[in-house]
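# Observations on the three-dimensional arrangement
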2 protein chains.
Amino acid sequence: MSINELVNNSVVSWMTADGPEADIIISSRIRLARSLAELPFPHLLSEEEKGRLMLDKVEEAIKPLPHLKMVMLSEISDLDRNILLEKHLISPEHARNNSPFCGIITNNDGSVIAMVNEEDHLRIQSILSGLQLNQAYRYADDLDDSLEQTLDYAFDDQRGYLTACPTNLGTGMRGSVMLHLPGLTMTNRQTQVFNSINQLGLTVRGLYGEGTEALGNFYQVSNQITLGQNEEDILNNLWTVTEHVLEQERATRNYLWSEMKYTLEDRVWRSYGLVTNARVVTSNEALALLSDVRMGIVMGILPQVPNRVLNELIVAIRPAHLQKMAGREMDSDERDIFRARVIKDMLTKNIKEG
Amino acid sequence: MSINELVNNSVVSWMTADGPEADIIISSRIRLARSLAELPFPHLLSEEEKGRLMLDKVEEAIKPLPHLKMVMLSEISDLDRNILLEKHLISPEHARNNSPFCGIITNNDGSVIAMVNEEDHLRIQSILSGLQLNQAYRYADDLDDSLEQTLDYAFDDQRGYLTACPTNLGTGMRGSVMLHLPGLTMTNRQTQVFNSINQLGLTVRGLYGEGTEALGNFYQVSNQITLGQNEEDILNNLWTVTEHVLEQERATRNYLWSEMKYTLEDRVWRSYGLVTNARVVTSNEALALLSDVRMGIVMGILPQVPNRVLNELIVAIRPAHLQKMAGREMDSDERDIFRARVIKDMLTKNIKEG
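Residues numbered from 1 in each chain as written. Chains lettered and ligands numbered in written order. Predicted model: local features only at pLDDT ≥ 70, side-chain atom pairs only at ≥ 80, totals over all residues. Heavy atoms only, no water.

Across its full length, chain A holds 13 helices and 10 strands. Taken over C-alpha atoms, the radius of gyration comes to 21 Å for chain A, in line with the 20 Å a tight globule of 354 residues would show. Referenced to the eigenvectors of the C-alpha coordinate spread, the extents of chain A come out at roughly 65 × 45 × 35 Å. For chain A, buried positions account for 58% of its 354 residues. Only carbon and sulfur atoms are counted for the fraction: they give 47% of the accessible area of chain A, which is about 14800 Å². (Helix = DSSP H or I, 4+ residues; strand = E, 2+ residues; numbered from the N terminus. Rg over C-alpha atoms; globule rule 2.2 N^0.38 Å. Buried < 20%, exposed > 50% of the residue type's maximum accessible area, 1.4 Å probe, protein only. Areas by Shrake-Rupley, 256 points an atom, 1.4 Å probe, with all protein chains shown as cover.)

Residue and element names in this part refer to chain A. The domain boundaries assigned to chain A delineate domain 1 (3-253) and domain 2 (260-349). Listed as interface residues are 28 residues of domain 1 and, on the opposing side, 22 residues of domain 2. Of the roughly 2300 Å² buried between domain 1 and domain 2 on both sides combined, carbon and sulfur atoms contribute 68%. Interface area lost by domain 1 to domain 2 is led by Glu86, Met186 and Arg253, which between them contribute 25%. Here domain 1 and domain 2 share 1 salt bridge between them. The salt bridge partner of Lys324 is Asp80, with a shortest N-O separation of 2.6 Å. Counting only elements with at least two residues in the side of domain 1 that touches domain 2, the list comes to helix 1 (3-8), helix 3 (78-86) and helix 6 (182-186). Counting residues per element, the side of domain 1 that touches domain 2 draws most heavily on helix 3, which supplies 5 residues. Looking at the side of domain 1 that touches domain 2 residue by residue, the class counts come to 15 nonpolar, 8 polar and 5 charged. (Domains from an automatic or database assignment. Contact = heavy atoms within 4.5 Å. Buried area = accessible area lost by both parts, 1.4 Å probe. Salt bridge = Lys/Arg side-chain N within 4 Å of Asp/Glu carboxyl O. Nonpolar A, V, L, I, M, F, W, Y, C, P; charged D, E, K, R; others polar.)

Here we take up a negative patch on the surface. The grouping of Glu38, Asp142, Asp145, Glu148 and Asp152 of chain A at the surface amounts to a negative patch. Following the sequence through the fold, Asp142 of chain A ends up in helix 5 (residues 133-148). (Patch = residues over 30% accessible without salt bridge, like charges linked within 9 Å, V, L, I, M, F, W, Y side chains within 5 Å. Lys, Arg positive; Asp, Glu negative; His and termini not counted. Charge placed at Lys NZ, Arg CZ, Asp CG, Glu CD.)

Let's shift gears to the sheet that holds strand 10 (residues 218-223) of chain A. Residues and elements named next belong to chain A. Ordered in space as 2-3-4-5-1-8-10-9, the 8 strands form an open sheet in which the pairing is antiparallel. Looking along the sheet, the strands with just one partner apiece sit at the ends: strand 2 (69-72) and strand 9 (202-205). Between one strand and the next, the sheet's axes are offset by a mean angle of 20°, whatever the strand orientation. Where strand 8 (residues 173-180) lies against strand 10, 5 bridges are found, and the strand directions are antiparallel. Considered in strand 10, the bridge of Ser176 is made with Ser222. Running at roughly 25° to strand 1 (residues 25-34), helix 5 makes contact with strand 1, strand 4 (113-116), strand 5 (122-129) and strand 8 of the sheet. (Pairing = 2+ DSSP bridges. Axes fitted to C-alpha atoms, helices over the stretch in contact; angles between N-to-C directions.)

Attention now moves to the pairing of strand 3 (residues 103-106) of chain A. All names here are of chain A. Burial of the side chains of strand 3 extends over both faces: Gly103 and Ile105 are buried on one face and Ile104 and Thr106 on the other. One ladder, built from 4 bridges, connects strand 2 with strand 3; its direction is antiparallel. Considered in strand 3, the bridge of Lys69 is made with Thr106. When strand 3 meets strand 4, the two strands line up antiparallel, connected through 4 bridges.

Glancing now at the pattern of salt bridges. All names here are of chain B. Summed over all chains, the structure comprises 35 salt bridges over all chains. Taking the shortest distance from any N to any O, the salt bridge between Asp156 and Arg159 comes out at 3.0 Å. Judged by relative accessible area, which is 41%, Arg159 ranks as partly exposed.

At the interface, 15 residues of chain B touch 15 residues of chain A. Counting the surface lost from both chain B and chain A, the interface buries some 1500 Å², and carbon and sulfur atoms represent 60% of this. Between Glu285 of chain A and Arg270 of chain B there is a salt bridge whose closest N-O contact spans 2.8 Å. Inspection of the region where chain B meets chain A yields 8 residue pairs in polar contact (both at pLDDT 80 or more). (Polar contact = N/O pair within 3.5 Å; in protein donor to acceptor, adjacent residues only side chain to side chain.)

A separate point is the packing of helix 9 (residues 261-275) of chain A against helix 10 (residues 283-298) of chain A. Residue and element names in this part refer to chain A. One can describe the packing of helix 9 onto helix 10 by two numbers: an axis separation of 8 Å at closest approach and a directional angle of 125°. The angle between the axes of helix 9 and helix 10 places the two elements in the oblique class. Of the two elements, helix 9 crosses helix 10, and the hand of that crossing is left-handed. Here Leu264, Arg267, Val268, Ser271, Tyr272, Leu274 and Val275 of helix 9 come into contact with helix 10, specifically with Leu289, Leu290, Asp292, Val293, Met295 and Gly296. (Parallel < 35°, antiparallel > 145°, perpendicular 65-115°, else oblique. Left-handed = near helix turned anticlockwise from the far one by under 90°.)

A few words now on the packing of aromatic side chains. Residues and elements named next belong to chain A. For the structure on display, the rule yields 8 aromatic pairs over all chains. Seen in terms of ring centroids, Tyr153 and Tyr161 are 6.1 Å apart; in terms of plane orientation they differ by 75°. Their pairing is edge-to-face. Linked through ring pairs, Tyr153, Phe155 and Tyr161 together constitute an aromatic cluster. The side chain of Arg34 reaches across the aromatic face of Tyr153, ending 5.8 Å from its centre. Taking NZ or CZ as reference, Arg34 lies 3.5 Å from the ring centre of Tyr161, over its face. (Phe/Tyr/Trp six-rings, centres within 6.5 Å; stacked < 30°, edge-to-face > 60°. Lys NZ or Arg CZ within 6 Å of the ring centre and 35° of its normal.)

Attention now moves to helix 9 (residues 261-275) of chain B. Under the 1.5 Å per step criterion, the end-to-end length of helix 9 of chain B is 21 Å for 15 residues, consistent within 8% with the ideal 21 Å. Of all 15 residues that make up helix 9 of chain B, 11 are buried, and the element is covered over most of its length. When helix 9 of chain B is considered as a whole, its buried residues turn out to be Leu264, Glu265, Asp266, Val268, Trp269, Arg270, Ser271, Tyr272, Gly273, Leu274 and Val275 of chain B. Those residues of helix 9 of chain B hidden inside the fold are in contact with helix 9 and helix 10 of chain A together with helix 6 (182-186), helix 8 (231-259), helix 10 (283-298) and helix 13 (332-349) of chain B. (Expected span 1.5 Å × (residues − 1).)

Residues and elements named next belong to chain A. Looking only at helix 12 (residues 319-326), the buried set comprises Ala320, His321, Leu322 and Gln323. At its buried positions, helix 12 is contacted by helix 3, helix 11 (307-316) and helix 13 (332-349). Downstream of helix 12 by one or two residues, Gly327 has phi in the positive range, about 75°.

What connects the two chain copies is a rotation about an axis and a shift along it. For the match of chain B to chain A, the screw axis carries a shift of 0.1 Å, the RMSD comes to 0.0 Å, and the turn is 180°. On this basis, the relationship between the two copies can be described by a two-fold rotation axis. When C-alpha positions in chain B are compared against the rotation axis, the closest is assigned to Gly273 of chain B, at 2.1 Å. The share of interface residues of chain B whose copies in chain A are also at the interface is 100%, consistent with both copies meeting through the same surface. (Least-squares fit on C-alpha atoms with pLDDT ≥ 70 in both.)

The next thing to look at is the sheet that holds strand 1 (residues 25-34) of chain B. Residues and elements named next belong to chain B. In spatial order, the strands read 2-3-4-5-1-8-10-9; together these 8 strands make up an open sheet with antiparallel pairing. Two strands close off the open sheet at either side, each with one partner strand: strand 2 (69-72) and strand 9 (202-206). Sheet twist, expressed as the average angle between the axes of neighbouring strands with direction ignored, equals 20°. Lying on the sheet, helix 5 (residues 133-148) is in contact with strand 1, strand 4 (113-116), strand 5 (122-129) and strand 8 (173-180); it crosses strand 1 at an angle near 25°.

Our next topic: the state of the cysteines. Residues and elements named next belong to chain B. Applying the stated criterion across every chain yields a total of 0 disulfides over all chains. In this structure Cys102 is a free cysteine whose sulfur lies 18 Å from that of Cys165, the closest cysteine sulfur available. According to the relative accessible area criterion, Cys102 is buried, its value standing at 0%. On the basis of relative accessible area, Cys165 is assigned to the partly exposed category, the value being 24%. (Disulfide = S-S within 2.5 Å.)

Structure below.
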């Protein structure tokens, strides 16, 4: 899939909602950090070296691989970089990077993407819908293997893959699962659940990483440890914990439904009423209201809307997407007005008949 | 109109919304306090005297007047008394009175009603839709004249009509206008307006009298002074002040529309979204939301619903009306659920096409 398609398609791979448990598990993501042997890490390279020493090698590596394409960030507008960021396809650091030698490698179907000259020389990542950690790992691993046919990775028998930041040493792998947990949050049980997750060496972040906890009740669970565990251990561990949290969320929703039916119905209908009638809405308020709406739809309380549309909404209400859709720059006040209209239209147009 | 009809008709005279300025001025009310000569005030009468000395005289007075009927409160269930109270047709004190000698006189079309053995021997009142103080006075005055053909009122050339409470001495008349002032309240200008009203010898109360200020942004403006002014002076004074407040409210709404369009639209649409989607709603929250909705409908922002329905809603959401409609007793939690359904049904069923 070309960068143009990734930017312009309203739905990318992880947003399709066709993965297992996609009502609660938004996406599974695998990221592999890789460094080239005998080459300083990107923050130690001069701009010229990033180009000559690093980029030239990568270009050579993908030349025999016709399903891969590389695009330089400098060819992409600021707005489109933010579109990729809002779709969780590149990191905030990569979106902001001014170097002319930062790039993105994509494959045919957009199921895997690699950032070139980010914190590491290469960050390969695959994000899929629902609980598909193993499949995401396979996609990332395939690209990794393809590139390794030509590239010489920095690897140490003792420490495994060498990375710019020591927290990634070893497998260089981070697996993350994005979960929607409004039930646990409503009943104030999320802290307890997250504490036990932390004790298992996993970490919990918000929708857009550190400091965005509780935004729309979306939480990313990911492995902390990359050293002393192989990829299979990490995937199994993360998968087990995710399954456990998923069960807790489902059990809590069942409890709410059987014990607090009116309170629950009132809450999701009110949020639906607000989000489909408001004329001005900030992005944080929209995420909070859409969180209730998502749960209400999934639980069959509200009119049915496909999960794909609900995923699309999380992204469509962000500043870059709104401006892309409007076809012009908008200040924050204008965006709040336009956002209200977009949400109302997307929800009401996509209500399934019957 | 029989008491049965007053209880069971969903709309009584003042709720028809066919009076002048009925979008903002809900109703005009005239009340005349009258005492019978040579008879102690009700609170000084024994129960037996209330019957023998007082009620017998009143029964005799209405005998030659076939358009008048008297019903004793003891013949009316507690629920139906509260229905009359919620319709503003009798006072809280009268609704609660356990004496077997308290009654209500009604005329054919329900445009005038008199409480018998309330604080005064007779309290004659007429409530009409919109700004109709003079017409309401005429109705009350007609009943007053009819009764006076037989009854001997306590009247003193110096002090006028003598009443149980000295604050009613003189004309015994209280005129009140119920206004809906969300614009002034939203812009926080109501205090200033009410202060100037007080300086003119008028008083401002809430929807259900003292202590219910700001409930649904409904305010009753009425005269304080009954002594030293004749009926015409009181009516003119009240009419002038009401016209002034009405103009202020209209000007404020125009200001909101031209200067804060999005904020205003957002507010009324949100309230509409909440009140038509909530599954549980208290009566105070309902009044607050319906206040925004009423303004939004009147200003053409929201789908059109007749003012009559909006007046009906103010009353239909009260506890006695809800229980009457449900045909059974309901506790507060059940009422909150039933109230939400009633509001949603009444609003959505009464949206005018086109």
